[in-house]
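Results of the structural survey
One letter stands for each residue in the lines below.
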Amino acid sequence: MDEPGCGSVREQGRRDTALSWKYSVFWCLWASVLKLLPMQASSKKEWFPKVAVFNVPQEAAMAFPHLQQPSFLLASLKADSVNKPFAQRCQDLVKVIEDFPAKELHAIFPWLVESIFGSLDGVLVGWNLRCLQGRVSPVEYSIAMEFLDPGGPMMKLVYKLQAEDYKFDFPVSYLPGPVKASIQERVLPDSPLYHNKVQFPPTGGLGLNLALNPFEYYMFFFALSLITQKPLPGTLHIRTSDCAYFILVDRYLSWFLPTEGSVLPALSSSPGGPNPSPAPRTPTMPFASYGLHHTSLLKRHISHQTSVNADPASHEIWRSETLLQVFVEMWLHHYSLEMYQKMQSPHAKESFTPTEEHVLVVRLLLKHLHAFSNSLKPEQVSPSTHSHATSPLEEFKRAAVPRFVQQKLYLFLQHCFGHWPLDASFRAVLEMWLSYLQPWRYAPEKQAQSSDCQARCVSERWAPFVQENLLMYTKLFVGFLSRALRTDLVSPKNALMVFRVAKVFAQPNLAEMIQKGEQLFLEPELVIPHRQHRLFTAPTFTGSFLSSWPPAVTDASFKVKSHVYSLEGQDCKYTPMFGPEVRTLVLRLAQLITQAKQTAKSISDQCGESTAGRPFLSWLGFCSTDTNGSYAANDLDEMGQDSVRKTDEYLEKALEYLCQMFRLSEAQLTQLTLALGTTQDENGKKQLPDCVVGEDGLILTPLGRYQIINGLRRFDIEYQGDSELQPIRSYEIASLVRVLFRLSSAINRRFAGPMAALCSRADFLGSFCRYHLTEPGLADRHLLSPVARGCAARRPRGPRLSLRFLGSYRTLLSLLLAFFVASLFCIGPLPCALLLVLGYLLYAVAMTLLTERSKLHHL
């Protein structure tokens, strides 16, 4: 079977490849040495003249097995990796994989895998597949994808070594935390992936190792490269779905977990030759043994690794099973049930923190697993119809999600819900969770075709999935509620997440399925013994890989209880999703949604008023700017009216879905909204945060603190200090502001008496001076803090000149623009300056008259 990207190399001919000449020269040198040896000269003399150039490595390796050819091959490839370009190196590797037998290739395999995927400690990045994109580096991307394709040269190398039953050591220290801790404690992990693979260190050796076959070794490195490599820098904006690593994961899943047909056979070791027979995982385990967690009362010691006889039928899917187990173990098995319970403590330290890229790859795995499991034939979906005639692949499809994924994914999601930052990046975790909750989205189109009414409803066919994943729906929904109550729902991104969850859970018939599952769990145990639920997934370590399924459990209540106890433990305290506690949280979220809608509208109105009310001359720097700053607790100010519209739409639909799910009436919402004081006052402005009056003023309540943190309400904060001593703004020139402050301070000290005398006059000149030399509105300011009020009373301010406005970029730019426009009309700088001064005097006279008239009107 030809690999993609290798035909061009074959067409060039082996005589045209410099690599063959290099190896030929090496063997000729060895031949010269052997000719000098008297005991071997007569026996080896006639060999080399008959050897063709391109067959020298193969035939010489057969003739001289004692020679250290692999070390030379490895050294040569290492040198080429430094000196040759990427494309040439890949062509040379294809040549080596084709020409050399497995005996010589096994020495370069660990180095080659590490050079591609990087070192386990993250120091070497390898080919950096997580950053390699086709639109940025099309040539390197194409070469790498062809080389690592499931049908490409690298996988041919894997199967070549697999056929010879080679083993490679993998250090236990780089395995996920729970697995590493279990092995180091000499306890065999539950996953069959590690059975009969743990190697004790020799005398004086360091650390434990796993003895992996080539396929396992390759997949371990491939999966762990997502975890061990350093996270991408924040300044590097790379779309994960466009990266080579993400696309390779998708290709491997499509190849080894096909939704149509069967798994493709392994590549042949030579063109036209028979397929090799890769050895399956040892030992092979029955599907019945893949328990959700370890259920034995006595832990299995690592020295008691039980062997079982391999069923020949398991050879069909051993690669599929290995790939799935490796992906689940490396990507999800970072938290055990004991570790999860410890992490509930607020003082616990996180052992592993997933990245957004990690979560996106896991979501890809879950979506494909749903499609893989849903590709079962209708007559083989139910375990009760299982027969020995079912193919191993169909058997594997039924076991993939519940036996391999469920528990590890639940603990992974629990950790993410509890420890992920309260920002918009949580959207990746949210979509991963929602993808798992909706397997019907990935069902074949034939099953999805129905009437419009039925298409909107969740079919009863999915009731067993909902019941056997009850905690995924209920407990994680409660976890999402606790997050939503702590986020700023005014932000469109956070509002979208609430809308997405509400929309998914409001699908017709889904809430009824969840309620039915809760009823089954809460049924009293009349017949089932106290610990019998633990036996539902009890592992057995005898029998073949394709042994019969355990007897079908027809008691639905028994299934649901087994699911909950296996994920949460024997003594778990279950909170019903449709019980009073969760209903209270939903009502609180509904209230916050209403508040967020009003806040978004208020911010929108405030932005519109501030924009419309800004004087035209303020753009020229002649009017004082707002020195108190603006409210920026969310991203509405940057996104504008369109953002307000989206936020209102998301929140409105989310509120509608929540009312539909939990049967909330309009009267309930209105009553609770009024109770929390979320309505606007008579003037249409927001009220102050919730607080009580104390001896020293207003004291925030816990609700008021929450309202401030989430931007739902705020105090109208004004700058009460000396305007000349405000911090230098970003739109001001720092050095110029300081110089102007010293200049104005000197003028004020020198002419303090004359300025006070002018401002005290009752005529027009006094009004004109008061307009320029006193702060407008100073007497009208109201101080909210009694402490600040006392301090302000002790600091009376007299008339003074302020030149700070000349330090603004906007003022200087306006003056330069005015001089430039004047030059176009042949007006010199001096006349232009006089015109500006005259224009400002006219403006100041008009403003003085208006100010005095307004004062008389108020009197």
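As a reminder, the structure under discussion sits directly above these lines.
Residues numbered from 1 in each chain as written. Predicted model: local features only at pLDDT ≥ 70, side-chain atom pairs only at ≥ 80, totals over all residues. Heavy atoms only, no water.

Turning to the overall build of the chain, a few remarks are in order. A tally of helices and strands in the chain yields 36 helices and five strands. Put simply, the chain has 859 residues, and 46% of those count as buried. Of the roughly 43,500 Å² of accessible surface on the chain, a fraction of 60% belongs to carbon and sulfur atoms. (Helix = DSSP H or I, 4+ residues; strand = E, 2+ residues; numbered from the N terminus. Buried < 20%, exposed > 50% of the residue type's maximum accessible area, 1.4 Å probe, protein only. Areas by Shrake-Rupley, 256 points an atom, 1.4 Å probe, with all protein chains shown as cover.)

A word on the packing of aromatic side chains. Across all of its chains, the model carries 39 aromatic pairs by this definition. With 6.2 Å between their ring centres and 35° between their planes, Phe499 and Tyr657 make a pair best called tilted. Placement of the pair is Phe499 in helix α23 (residues 492–505) and Tyr657 in helix α28 (residues 641–662), with a sequence separation of 158 residues. Taken together through their ring pairs, the aromatic side chains of Phe117, Phe215, Tyr218, Phe222, Tyr245, Tyr252, Phe256, Trp318, Phe327 and Trp331 make up a single cluster. (Phe/Tyr/Trp six-rings, centres within 6.5 Å; stacked < 30°, edge-to-face > 60°.)

Here the focus is the sheet that holds strand β3 (residues 209–212). A sheet is described by the order of its strands in space; here three strands give the open sequence β1-β3-β2, paired in antiparallel fashion. Two strands close off the open sheet at either side, each with one partner strand: β1 (168–171) and β2 (198–199). Two elements, β2 and β3, share two bridges in a ladder whose sense is antiparallel. Looking at the pairing, Gln199 lines up with Asn209 of β3. (Pairing = 2+ DSSP bridges.)

In total, this model carries 18 salt bridges according to the counting rule given. Across the salt bridge formed by Glu656 and Lys653, the nearest N and O atoms sit 3.5 Å from each other. On the criterion of helical spacing, the pair formed by Glu656 and Lys653 is a turn pair, its members being three residues apart in helix α28. Via salt bridges that share partners, Asp80, Lys84 and Asp92 belong to a single interconnected network. (Salt bridge = Lys/Arg side-chain N within 4 Å of Asp/Glu carboxyl O.)

Looking now at a nonpolar patch on the surface. A surface patch of nonpolar side chains, amounting to about 930 Å² of accessible area, comprises Leu817, Phe820, Val821, Leu824, Phe825, Ile827, Leu835, Leu838 and Leu842. Listed by contribution, the elements that provide at least two residues to the nonpolar patch are α35 (809–824) and α36 (829–858). Tracing the backbone shows Leu842 in helix α36. (Patch = residues over 30% accessible without salt bridge, like charges linked within 9 Å, V, L, I, M, F, W, Y side chains within 5 Å.)

We now examine the pairing of β1. Burial along β1 is one-sided: the residues Phe168 and Phe170 are buried and none of Asp169 and Pro171 is. One ladder, built from four bridges, connects β1 with β3; its direction is antiparallel. Bridge pairing in β3 places Phe168 opposite Leu212.

Now for the packing of helix α17 (residues 392–419) against helix α25 (residues 556–568). Between α17 and α25, whose axes approach to 10 Å, the crossing angle comes to 55°. When the interaxial angle is binned, α17 and α25 end up oblique. Relative to α25, the crossing made by α17 is right-handed. Residues Gln406, Gln407, Tyr410 and Gln414 of α17 form the contact with α25, whose own contacting residues are His563, Ser566, Leu567 and Glu568. Partitioning the contact of α17 with α25 into residue classes produces two nonpolar, five polar and one charged. (Axes fitted to C-alpha atoms, helices over the stretch in contact; angles between N-to-C directions. Parallel < 35°, antiparallel > 145°, perpendicular 65-115°, else oblique. Left-handed = near helix turned anticlockwise from the far one by under 90°. Contact = heavy atoms within 4.5 Å. Nonpolar A, V, L, I, M, F, W, Y, C, P; charged D, E, K, R; others polar.)

Once that is clear, we can look at the environment of Val504. Of note, Val504 is situated in helix α23. By relative accessible area, which is 3% here, Val504 ends up buried. Discounting chain neighbours no more than four positions away, the residues touching Val504 are Leu434, Gln438 and Leu510.

Moving on: the nonpolar core. Formed by 175 residues in total, the largest nonpolar core has its most connected members in Leu148, Tyr218, Met219, Phe327, Trp331, Trp433 and Phe477. When residues of this core are assigned to their parent elements, the largest contribution, 13 residues, is made by α17. When sequence neighbours within four positions are dropped, the list of residues in contact with Tyr218 reads Phe109, Val113, Phe117, Leu148, Met154, Met155, Val158 and Tyr252. (Core = buried A, V, L, I, M, F, W, Y, C linked by side-chain atoms within 4.5 Å.)

It is worth spelling out the environment of Gly807 at this point. With respect to the helices and strands, the residue Gly807 is situated in the loop between α34 (786–793) and α35. The exposure class of Gly807 is buried, given its relative accessible area of 0%. Placed 75 residues apart in sequence, Gly807 and Glu732 show a C-alpha to C-alpha distance of 5.6 Å. In this view, Gly807 contacts Tyr731, Glu732, Ile733, Leu736, Val737 and Leu740; residues no more than four positions away in its chain are not counted.

Moving on to unusual backbone geometry. For Arg186, which is not glycine, the phi torsion reads 65° and is therefore positive. Among the structural elements, Arg186 can be located in the loop between α11 (177–184) and β2. Residue Arg186 is classed as partly exposed on the basis of its relative accessible area, which comes to 31%. Phi at Asn509 is positive, roughly 80°, even though this residue is not glycine. One can find Asn509 in the loop between α23 and α24 (510–522). With a relative accessible area of 22%, Asn509 lands in the partly exposed category.

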